[in-house]
Amino acid sequence: MLASMRPLVVCGKPRPAYVRAPSFRGRLSPLARANVKFRLAHSSSETEELVTNEDKLDTKTEEEKYIPPWSTVVLKKGGKKDARFRQHVNPLARRFQMQTDLPDDWPNCDFDDLTLPLYVDIGCGKGGFLLDLAAKGFEESSNDSEVTNMNYLGLEIRPSVAKYAQDRVAKRGVKGRVSFIGCNANVDLDRILSIYSESGGGPVSYASIQYPDPHFKKAHKKRRVVTPELVNTLAKYIPVDCDVFIQSDIKDVFDDMREKLREHGEDYFHDVLTDFGMTLDENPIGVPTEREVSVLDQGLPVYRTIFRRNEAEIL
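The numbering scheme is per chain: residues are counted from 1 as the chain's sequence reads. Totals for whole chains, interfaces and linings use all residues, but because this is a predicted model, local features are given only for residues with pLDDT of at least 70 and pairs of side-chain atoms are given and counted only at 80 or more. Only hydrogens and water are removed before side-chain values are computed, so all heavy atoms of the structure are retained for them.

**Here's the deal with the pairing of strand β6 (residues 151-156)**
- Any residue under 20% of the maximum accessible area for its type is buried, any over 50% is exposed, and the rest in between are partly exposed; the area is computed with a 1.4 Å probe on protein chains only. By definition, any uninterrupted DSSP run of H or I lasting at least four residues is a helix, any uninterrupted run of E lasting at least two residues is a strand, and each is numbered from the N terminus. Extensive coverage of β6 is indicated by the burial of six of its six residues.
- Side chains of β6 alternate between two faces, with Asn 151, Leu 153 and Leu 155 and Tyr 152, Gly 154 and Glu 156 buried alike.
- Each pair of strands is called paired provided DSSP finds at least two bridges between the two strands. Here strand β3 (residues 118-122) runs beside β6; their pairing, made up of five bridges, is parallel. Looking at β6, one finds that Leu 118 is bridged to Asn 151.
- A crossover gets the label right-handed when its path from the first strand over the helix to the second runs clockwise, viewed with the strands pointing away from the viewer. Tracing the backbone out of β6, into helix α4 (residues 159-171) and back to the parallel element strand β7 (residues 178-182) gives a crossover that is right-handed.

**As for unusual backbone geometry**
- Note that the residue after Trp 106, namely Pro 107, is joined by a cis bond; omega there is 5 degrees.
- Residue position: Pro 107 is located in the loop between α2 (45-58) and β3.
- A positive phi angle is found at His 215, which is not glycine, with a value near 45 degrees.
- Note on placement: His 215 falls in the loop between β8 (204-210) and α6 (228-237).
- In this structure His 215 comes out as buried when scored by relative accessible area, which is 9%.
- A positive phi is found at Asp 241, a non-glycine position, where the angle reads about 70 degrees.
- Tracing the backbone through its elements, the reader meets Asp 241 in the loop between α6 and β9 (243-248).

**Brief notes about the sheet that holds β8**
- What the seven strands build is an open sheet, ordered β7-β6-β3-β8-β9-β11-β10; its pairing is mixed. One side of each edge strand has no neighbouring strand; the edge strands of this open sheet are β7 and β10 (269-271). Here the average twist between neighbouring strands, direction ignored, is 20 degrees.
- Contacts are assigned to residue pairs with any non-hydrogen atoms lying within 4.5 Å of each other. For helices, the fitted line uses only the C-alpha atoms of the stretch in contact; every axis is such a line through C-alpha atoms, and the angle between N-to-C directions lies from 0 to 180 degrees. Contacts from helix α7 (residues 251-264) reach β8, β9, β10 and β11 (303-309) within the one sheet, and its direction differs from that of β9 by about 155 degrees.

**Observations concerning the confidence of the model for the protein chain**
- The pLDDT value expresses, per residue, how confident the predictor is, ranging between 0 and 100. Chain-level statistics for the protein chain give a pLDDT mean of 82 and a share of 71% at 70 or above.
- Considering only residues more than four positions removed or in separate chains, one finds that residues 21-25, a stretch of pLDDT under 50, has one contact.
- Segment residues 44-59 is flagged for pLDDT under 50; beyond a separation of four residues in sequence, or across chains, it makes five contacts in the model.

**Structural notes on the pattern of salt bridges**
- In the sections that follow, a salt bridge refers to a side-chain nitrogen of Lys or Arg positioned within 4 Å of a carboxyl oxygen of Asp or Glu. Scanning all chains against the criterion turns up 16 salt bridges.
- Among the ionic pairs, Asp 271 bridges to Arg 258, the shortest N-O distance being 2.7 Å. Note that Asp 271 is positioned in strand β10 and Arg 258 in helix α7, a separation of 13 residues in sequence.
- Taken together, the shared-partner salt bridges in this structure form one network comprising Lys 221, Arg 224, Asp 252, Asp 256 and Lys 260.

Laid out in structure tokens, this is it:
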């Protein structure tokens, strides 16, 4: 009888109580209850900690379950590992269908002069491209206009990446000119640009979608960033003769973006290259993204074009 009350021992250590559950149904006998109490009292501290953590998960309030994922990001400090992030997320997941939280005083808290024209980069990644633009300005050669004084807004769906990009602003000395927001552009772009405009912000003079997540699988193509709704939102806020620049190193992804902009934006945009098979040989902005540098260093092709806003009004 005493032997039956001893806890199970595996490799000289008590086995966690939760591993061995009674194999019968119904009420426990007094002897079985005593055995369970004994094993629980002598189980390892690791097991108790595990149970405690599980209990904490169960106590999450309903309100906490609906907090946008961009509002709870804390970057780990660990040297070079700080810059390593998850490469892909599912933008159709429920948590990424929420509107992001914006500061009450946005955009005034991020931009010193709201009257400047705005550059919007959708899927900005770690933000190196916009940080370089803010520091150097850029010359857009296709219409011989020079823009060196703009506000720059980057949108990124991956929470930790967006937080990392925003943390780089002050380090690069461009605070007051650049803002990074963690959000799903297909959910929040209209609201964000509306708030910017209503706060006295200047026009969206330039937008870009560069090297978006390819979502190769056929069943995942619906996750791609360029959608009819996104095209309509861009047409709503981009003035006449202003541009949307797209580029990718994956031909299928580039063709998909181009086709959707041509099909769903045919009333508002025109492709500067009329031949669907043609692409721009050089980056018209003159400042490469981090991805672009990597691709060109490997001698791989990059596919680019520009869509220019016409005079048609949004219906």
